[in-house]
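For reference, the chains in residue letters:
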Amino acid sequence: MILLFTSGMWIISKTSINQYLYDTLPEEIRRLSELIGLGSFLLGILSFVVILIRREENIGELAERFKTLAEHISEGYILSNPDGIIIDVNEQFCRFISITKQEIIGYSVAEMVRRFNISGVEQKWLTRSYGVSGEYEVELEVNNKKKYFWIHGTPIFDKKKMHKATLATVKDITELKVLSMEVKKNAKELEKRVEEQTKKLKESEENLKKLIMTMNEGFLLLDIQHRIVMANECFCQMVDKEIEQIVGHYIFEFLESDDLMRLLSLLELPEIDRRKEITFLGANNKEITTLVSVSIIPSEKVE
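Only a predicted model underlies this, so the values are computations on that prediction, with no experimental measurement involved.

Scoring rules and cut-offs
- Residues numbered from 1 in each chain as written.
- Predicted model: local features only at pLDDT ≥ 70, side-chain atom pairs only at ≥ 80, totals over all residues.
- Heavy atoms only, no water.
- Core = buried A, V, L, I, M, F, W, Y, C linked by side-chain atoms within 4.5 Å.
- Buried < 20%, exposed > 50% of the residue type's maximum accessible area, 1.4 Å probe, protein only.
- Helix = DSSP H or I, 4+ residues; strand = E, 2+ residues; numbered from the N terminus.
- Contact = heavy atoms within 4.5 Å.
- pLDDT = per-residue confidence, 0-100.
- Pairing = 2+ DSSP bridges.
- Salt bridge = Lys/Arg side-chain N within 4 Å of Asp/Glu carboxyl O.

For the rest of this paragraph, the subject is the nonpolar core. Counting 24 residues, the largest nonpolar core has Ile-97 and Leu-140 as its most contacted members. Counting residues per element, the ones that place at least two in this core are β2 (86–89), α5 (91–97), α6 (109–116), α7 (121–126), β3 (134–142), β4 (145–157) and β5 (163–172). Apart from residues no more than four positions distant in its own chain, Ile-97 is found in contact with Phe-116, Leu-140, Val-142 and Phe-149. Judged by nonpolar contacts, the second largest core, of 17 residues, contains Cys-236, Ile-251, Leu-266 and Leu-267.

As structure tokens, this is what we get:
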């Protein structure tokens, strides 16, 4: 009784007496206080229900005992008897599904399930008579719009272990559900775009590689130690060697000795003009005069 009274006073004070103080609190504290207050209030209601039932009071009178406080909670609630007949709901639940109390009180859970075309709820409701509590999500169409609710059902027994009532709380999670679905949709679209861009990038890399390998100018890619990691067909023809005889070798192996320092300065010194005439050696030490241009790739692995 004290728990129910205390949580009820918290809800009333939040909405009237301490409104200014409540609004000045950080969002996290306000949200936490709402959850704590709601949890305490629902626990208080349940405790109150159990106490009254254990006193063997009439289930119809039971609803009247906490109806006033129940109207202050942001969640909906449904109270039914052991036969599954709905004996009370609060206004919040009625607002959730756009009906009046007269349209639901006195009807069975089975009738409401058929009216709103809800699958699985009736079976879950029946398990409450066996002492099984449970939570589940329900999708409804209200005023031609989809709405989502989270339902928590709790069976209530008297001191003789007889099922006397079922209390269910209903939380509207439509906004959260829609937001979650939107996030998933955006995530899938982002993933699709990344895959498309990755594919395009890979295709671009392949096209660039084909262009490099078939262009009519020699091309070499060196690592930081000046070893050749890639050479195109034109350079292979220029020095009259197979690709296997070039890749993995130092570039200096294919130079005239007098040009070693000239090429090294191109590769390592910060010169404005990175172009110089360099003499390579072909088959039978045939000298091949070329104009070499160097571009430095900013990477720790390749230069």
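Right, let's get into the confidence of the model for the protein. On average, residues of the protein carry a pLDDT of 76, and 72% of them reach 70 or more. Per-element mean pLDDT across the protein ranges from 40 in helix α1 (residues 2–17) up to 90 in strand β7 (residues 228–231). Low pLDDT, under 50, characterises residues 1–20; the stretch is placed with 27 contacts to residues that sit more than four places away or in other chains.

Here we come to the pairing of strand β8 (residues 275–281). Alignment of β8 against strand β9 (residues 287–293), held across seven bridges, turns out to be antiparallel. Paired with Glu-277 across the bridge in β9 is Leu-291. Turn length for the β8-β9 hairpin, with the two strands adjacent in sequence and antiparallel, is five residues, and the turn residue Asn-284 shows positive phi of about 55 degrees.

Moving on, we come to the pattern of salt bridges. Scanning the entire structure with this criterion turns up seven salt bridges. Of the charged contacts in the structure, one is a salt bridge between Glu-137 and Lys-177, with a shortest N-O distance of 2.9 Å. On the criterion of sequence distance, the pair formed by Glu-137 in strand β3 and Lys-177 in helix α8 (residues 174–214) is long-range, its members being 40 residues apart. For Glu-137, a relative accessible area of 36% corresponds to the partly exposed category. When the shortest N-O distance is used, the salt bridge between Asp-172 and Lys-147 registers 3.5 Å. You can see Asp-172 sitting in strand β5 and its partner Lys-147 sitting in strand β4, a full 25 residues away along the chain. Taking relative accessible area as the criterion, Lys-147 reaches 18% and is therefore assigned buried.

So, on to unusual backbone geometry. The bulk of non-glycine residues show a negative phi, and the bulk of peptide bonds are trans. Although it is not a glycine, Asn-144 sits at a positive phi angle of roughly 65 degrees. Counting through the fold element by element, Asn-144 comes out in the loop between β3 and β4. On the basis of relative accessibility, which here comes to 71%, the residue Asn-144 falls in the exposed class. The phi dihedral of Asn-285 is positive, around 60 degrees, even though this residue is not glycine. Within the secondary structure, Asn-285 is located in the loop between β8 and β9. Looking at Asn-285, the relative accessible area reads 58%, which means it is exposed.

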